Every structure is written in structure tokens, then in C-alpha cells.
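Breakdown of the fold
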Amino acid sequence: GCIIQVINPNTSRAMTETIAAAARSVAAPGTKILAVCPQEGVPSIEGHFDEAIAAIGVLQQVKLGREAGVSGHVIACFGDPGLLAARELANRPVIGIAEAAMHMATLVATRFSIVTTLPRTLVIARHLLHQYGFERHCAALHAIDLPVLALEDGSGLAQQKVREQCIQAKQQDGSGAIVLGCGGMADLARELTLELGIPVIDGVSAAVKMIESLNALGLSTSKHGDLDFPRAKPLSGMFGSFSG
Ligand SMILES: O=C(O)C[C@H]1NC(=O)NC1=O
């Protein structure tokens, strides 16, 4: 069996549990999910500053996962923070939930919509569409205009807003699939797919199955070229723990 490390880059334990449950719901019988989050950092990731802080925690967790011998790593935040840096550190596959969900959407529809949290994070999704080459596949992006942790406040308001945005996207965007733009929405995909009759895709579960596929194909992060391990050099202060 194999172990897949699923990293919630924010420090919200409730969201880590939501993410872990989504990962476990699709994991193959022989796959163990190791759900983690950084010891220190940001409680939610809602912009460029938060992403920069969260990326350090992602790298610390990837290093721990590599030392524990995990068979792959999932970065369970829709901004995929630290993705390429993590691939330099890792010897196994590293997949972000945004790229995973976007890839899956292109396999079932010619165009997809994205539903995320705060309007200010729409630009992050746009940057990823450009980076991954999916701009022409994305018909529209929507935000529920609630903070990320509203998904964990127990009121159900954020979940209702996600549902409303998905219904609007299905009716207005001309897209055949919808990508959920937050790790905290991971538990909503199955029910929304059934209720709305359109593929609603969660990147956490998509990424877990992609890691299992890469493992089954004997494929892992290429260490030939720019994703080779970082060049050795003395790292000072808090970064010393990355040395060696
Ligand atoms: O960008 C967002 O809205 C969602 C993103 N932030 C976060 O803390 N986890 C996420 O998936």
C-alpha cells in the first residue's frame, strides 16, 4: 500500500478534516491518507501575501513527507501555493488541487467554470489558468464573496452560496463542468454533481487519484532539469531546517 500526504496549507484544523475526509472517500483500498497542515502560518489563504507565508509551511511538510517515505504529496489549497518549489524538494509526485480539478474538467467538458470564495482571489485562479495553459478552457469565474473560513462556521451559508453560484454557472456560462475553487468545498462536489446534473469537480479527490495513477504508471517528478533538488547552500535562521 502507499501513503499520500495531503497538505492543507492553512492552519485551520477543521478545514484539514474536511479535506482529509474528501481524500479518504476516494482513496484506493491500499492507499493511506496522511492529512497535515503547517504548525504555524495563516488560518486561511485569501491573497498573495497569505500564499507566500503558506508556501513555507507547504515546503516544511513536503520535506517531512519525503523523510517519511510518502508516495506523493497533494497541496490542498486552490492557489497551489509553493507547487514548483515543492517539486524541487520532492522525489515523488506533487499535485495542486487547482491543477488537478482543471485537468479533470478538461477531460469531461470542453469548457468549465470556477466557483471560489473572495473576489480578490479570482486573480489567483486566473494566474493558474494561464500558468497551466487552461485559459481557453475556462468560460467564467465566480466568487461567493464570503471568506474561506465561512465554509467551516457551521451555518451552511457558504455552502448555500456555492450551490447558488453553481446553478447560475450552469445556466449562464455555457460550460459543461464546474470546478470548486477551495479546499474547504471538497465535501460538496458529489452532492452538487447529482443535484445539478453537471460534473462539479473537487480538486482534493482529483489530486489523490492522479497521484495513485502516477504511482501505478511508475511516473514521478522529473529531477532532470529545473525540478532537480535545490542546489546545496547554507540556509540561515528559520530556514536552517531545510538544509540536509
Ligand atoms: O483561494 C481560496 O479561496 C481558497 C483557498 N484558500 C484556503 O485557505 N484554502 C483554499 O483552497
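Residues numbered from 1 in each chain as written. Predicted model: local features only at pLDDT ≥ 70, side-chain atom pairs only at ≥ 80, totals over all residues. Heavy atoms only, no water.

1. Here's the deal with the site of the ligand
Our working rule: Throughout, the term near means that a residue has one or more heavy atoms lying within 4 Å of the molecule or strand in question. Any pair of nitrogen or oxygen atoms within 3.5 Å is treated as a polar contact; in protein, a donor-acceptor pairing is required on top of that, and neighbouring residues in sequence qualify only through side-chain atoms on both sides. The protein chains shown are the only cover counted for residues, whose accessible areas, like all others here, come from Shrake-Rupley with a 1.4 Å probe.
As a matter of local geometry, the ligand sits amid Asn10, Ser44, Ile45, Cys77, Phe78, Thr116, Thr117, Thr121, Val148, Gly181, Cys182 and Gly183. One nitrogen or oxygen atom from the main chain of isoleucine 45 is found 2.7 Å from a nitrogen atom belonging to the ligand. Between phenylalanine 78 and the ligand, the recorded distance is 2.9 Å, taken from a backbone N or O atom to an oxygen atom. Coverage of the ligand by the protein chains reaches 97% of its 290 Å² of free accessible surface.

2. Description of the pattern of salt bridges
Using the following cut-off: Should a side-chain nitrogen of Lys or Arg be within 4 Å of a carboxyl oxygen of Asp or Glu, the pair is scored as a salt bridge. For the purposes of this entry, the term helix denotes a DSSP run of H or I that reaches at least four residues, the term strand denotes a run of E that reaches at least two, and both are numbered from the N terminus. The cut-offs for exposure are 20% and 50% of the maximum accessible area for each residue type, with area from a 1.4 Å probe on protein chains only; residues under the lower value are buried, those over the upper are exposed, and the others partly exposed.
Scanning the model with the defined rule gives four salt bridges in all. A salt bridge links lysine 63 to glutamate 67, with the shortest nitrogen-to-oxygen separation between them at 2.5 Å. With lysine 63 and glutamate 67 both in helix 2 (residues 48-68) and four residues apart, the pair spans about one turn of that helix. With a relative accessible area of 12%, lysine 63 lands in the buried category. Arginine 87 serves as the salt-bridge partner of glutamate 99, at 2.6 Å between the closest nitrogen and oxygen. Taken as a pair, glutamate 99 in helix 4 (residues 97-108) and arginine 87 in helix 3 (residues 83-89) lie far apart in primary sequence, twelve residues in all. Per residue, the accessibility class of glutamate 99 equals that of arginine 87, and both read buried.

3. Some points on the nonpolar core
Which entries qualify depends on this criterion: What is meant by a nonpolar core is a set of buried Ala, Val, Leu, Ile, Met, Phe, Trp, Tyr and Cys residues, joined one to another through side-chain atoms within 4.5 Å. Throughout, a contact is declared for two residues whenever any of their heavy atoms are within 4.5 Å.
In terms of nonpolar packing, the biggest core is built from 74 residues, with Val6, Val74, Met102, Phe112, Ile114 and Val162 touching the most fellow members. Look past the residues within four positions of valine 162 in its chain and what remains in contact with it is Val115, Ile144, Leu180, Met185, Leu188 and Leu192.

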